[in-house]
Amino acid sequence: MIQRSIKRICLRVLVVDDELTAPTAEGRAVRTLVEELQGRGMEVVEAASADDGMSVIVSDSAIHTILMDWTLGDDKGHARAKGLLTFVRSRTTRSHLPDGRTG
């Protein structure tokens, strides 16, 4: 007999922000966001840089959502954030989208 479970699927959120642990307004705001997400039953994985975020994405296929600071490390040209987004998009294959578009 098949056992039914009422366990809810937990969403995993990757938060990438270089000020996660900093005693700044941005640091407090991102920590408040993390606490709110956790309070809503989401599992939050934290990364303090684009490289850390990339490592998490490579090692954890259960990430559902990514929240990222657009100016990682005071990067005015957004190269680090764009690089991480490009990497994430490169992992999307045509087979994941019904009309053949890439993500």
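What this report covers is the structure whose coordinates are included nearby. Owing to the predicted nature of the structure, the values given are computational and were not obtained by experimental measurement.

Basis of the calculations
- Residues numbered from 1 in each chain as written.
- Predicted model: local features only at pLDDT ≥ 70, side-chain atom pairs only at ≥ 80, totals over all residues.
- Heavy atoms only, no water.
- Salt bridge = Lys/Arg side-chain N within 4 Å of Asp/Glu carboxyl O.
- Helix = DSSP H or I, 4+ residues; strand = E, 2+ residues; numbered from the N terminus.
- Buried < 20%, exposed > 50% of the residue type's maximum accessible area, 1.4 Å probe, protein only.
- Expected span 1.5 Å × (residues − 1).
- Arc of directions from axis to C-beta.
- Contact = heavy atoms within 4.5 Å.
- Pairing = 2+ DSSP bridges.
- Right-handed = clockwise from strand over helix to strand, strands pointing away.

Right, let's get into the pattern of salt bridges. In total, this model carries three salt bridges according to the counting rule given. When the shortest N-O distance is used, the salt bridge between Asp60 and Arg12 registers 2.1 Å. One end of the pair, Asp60, is in the loop between α2 (50-59) and β3 (65-68); the other, Arg12, is in strand β1 (residues 12-16), with 48 residues separating them in the sequence. Note on accessibility: Asp60 and Arg12 belong to one class, buried. For Arg40, the salt bridge identified is with Glu36, shortest N-O distance 2.7 Å. What emerges from the salt-bridge pattern is a single network uniting Arg12, Glu43 and Asp60.

Turning our eyes to something else, we now look at helix α1 (residues 25-39). Here α1 contains 15 residues, and its C-alpha end-to-end distance of 21 Å stays within 8% of the 21 Å for a straight helix at 1.5 Å per residue. Where α1 is concerned, the buried positions are Gly27, Val30, Val34 and Leu37. The arc that holds every buried residue of α1, seen down its axis, measures 90°, which confines them to one face. Turned more than 90 degrees from where α1 packs its buried face, Ala25, Glu35 and Gly39 sit exposed. Buried positions along α1 lie against β1, β2 (43-47) and β3. After α1 finishes, the residue Gly41 shows a positive phi value of roughly 85°.

Now for the pairing of β2. When β1 meets β2, the two strands line up parallel, connected through five bridges. Residue pairing in the sheet places Leu14 in a bridge with Val45 of β2. Once the chain exits β1 it traverses α1 before rejoining the sheet at β2, and the crossover so formed is right-handed.

Shape descriptors only; they carry no functional weight alone.
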